[in-house]
Amino acid sequence: MITLHDVYEQGNEAVKDAVLAFGNRHPVSPDGADVEPDWKGAERHFTRMIEWIMRSAAPAPPGSTDGPVRRAENAAIGFLLAADATLDYRCPVCVSLQTGRAVSHRPTLETW
């Protein structure tokens, strides 16, 4: 499965900006006072988002050569790009952990 570091290394400038913004939404300090991102935490949340997408994904269209993991990775990267353009965006994994809500349903990008 692709990592945030891989996405950053392989991405264009917009993707790199989105990865950095996602990391910045995961500060080391819980009060957000620390300027350094918690990259391990951000990586775990990115991986969890890919897993959520894979569980909720529709079957591949006929003729598609991408497997479910690759399609989920592409969707997660698209999500990072869309979230980067949203000022008040909050990581869906952080929100579910902060509210104590176990994500047992099959979330979609529309429900995040």
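Quantities reported herein were computed from a predicted structural model and do not represent experimental measurements. (Residues numbered from 1 in each chain as written. Predicted model: local features only at pLDDT ≥ 70, side-chain atom pairs only at ≥ 80, totals over all residues. Heavy atoms only, no water.)

## Considerations on the pattern of salt bridges
- Taken as a whole and judged by the stated rule, the model has one salt bridge.
- Glu-73 is the salt-bridge partner of Arg-70, the closest N and O atoms lying 3.3 Å from each other. Taken together, the residues span about one helical turn, with Arg-70 and Glu-73 both in helix H4 (residues 68-84) at a distance of three residues.
- Classification of Arg-70 as partly exposed rests on a relative accessible area of 37%. (Salt bridge = Lys/Arg side-chain N within 4 Å of Asp/Glu carboxyl O. Helix = DSSP H or I, 4+ residues; strand = E, 2+ residues; numbered from the N terminus. Buried < 20%, exposed > 50% of the residue type's maximum accessible area, 1.4 Å probe, protein only.)

## A short note on the packing of helix H2 (residues 13-24) against helix H3 (residues 39-56)
- Where H2 contacts H3, the two axes come as close as 9 Å, and the packing angle between them is 110°. It follows that H2 is roughly perpendicular to H3 by the angle criterion. For H2 against H3, the interelement crossing comes out right-handed. Of the residues in H3, those in contact with Val-19, Leu-20, Phe-22 and Gly-23 of H2 are Trp-39, Ala-42, His-45, Phe-46 and Met-49.
- In terms of residue class, the contact of H2 with H3 is built from seven nonpolar, two polar and no charged. (Axes fitted to C-alpha atoms, helices over the stretch in contact; angles between N-to-C directions. Parallel < 35°, antiparallel > 145°, perpendicular 65-115°, else oblique. Left-handed = near helix turned anticlockwise from the far one by under 90°. Contact = heavy atoms within 4.5 Å. Nonpolar A, V, L, I, M, F, W, Y, C, P; charged D, E, K, R; others polar.)

## Details of the confidence of the model for the protein chain
- Looking at the protein chain as a whole, the pLDDT averages 83, with 85% of positions reaching at least 70.
- By mean pLDDT, helix H5 (residues 92-98) is the weakest element of the protein chain at 85, and helix H1 (residues 4-10) is the strongest at 95.
- Counted against residues more than four places away or in other chains, residues 103-108, with its pLDDT under 50, gives nine contacts. (pLDDT = per-residue confidence, 0-100.)

## Details of the packing of aromatic side chains
- Inspection of every chain in the model, using the stated rule, returns two aromatic pairs.
- Here Phe-22 and Phe-46 contribute two aromatic rings whose centre-to-centre distance is 6.5 Å and whose plane-to-plane angle is 70°, an arrangement assigned as edge-to-face. With a gap of 24 residues between them, Phe-22 in helix H2 and Phe-46 in helix H3 connect regions that are remote in the sequence. Phe-46 carries the same exposure label as Phe-22, and that label is buried.
- Both rings, one in Phe-79 and one in Tyr-89, keep their centres 5.8 Å apart while their planes meet at 70°; by these two values the pair is edge-to-face. Of this pair, Phe-79 sits in helix H4 while Tyr-89 sits in the loop between H4 and H5, and the two are ten residues apart along the sequence. Grouping residues by exposure puts Phe-79 and Tyr-89 together as buried.
- The ring of Tyr-8 carries Lys-16 above its face, with NZ or CZ at 5.4 Å from the centroid. (Phe/Tyr/Trp six-rings, centres within 6.5 Å; stacked < 30°, edge-to-face > 60°. Lys NZ or Arg CZ within 6 Å of the ring centre and 35° of its normal.)

## What about the side chain of His-26?
- With respect to the element layout, His-26 can be found in the loop between H2 and H3.
- A distance of 3.1 Å separates polar atoms of two side chains, one belonging to His-26 and the other to His-45.
- In contact with His-26, not counting residues within four places along its chain, are Pro-37, Asp-38, Ala-42, His-45, Cys-91 and Cys-94. (Polar contact = N/O pair within 3.5 Å; in protein donor to acceptor, adjacent residues only side chain to side chain.)

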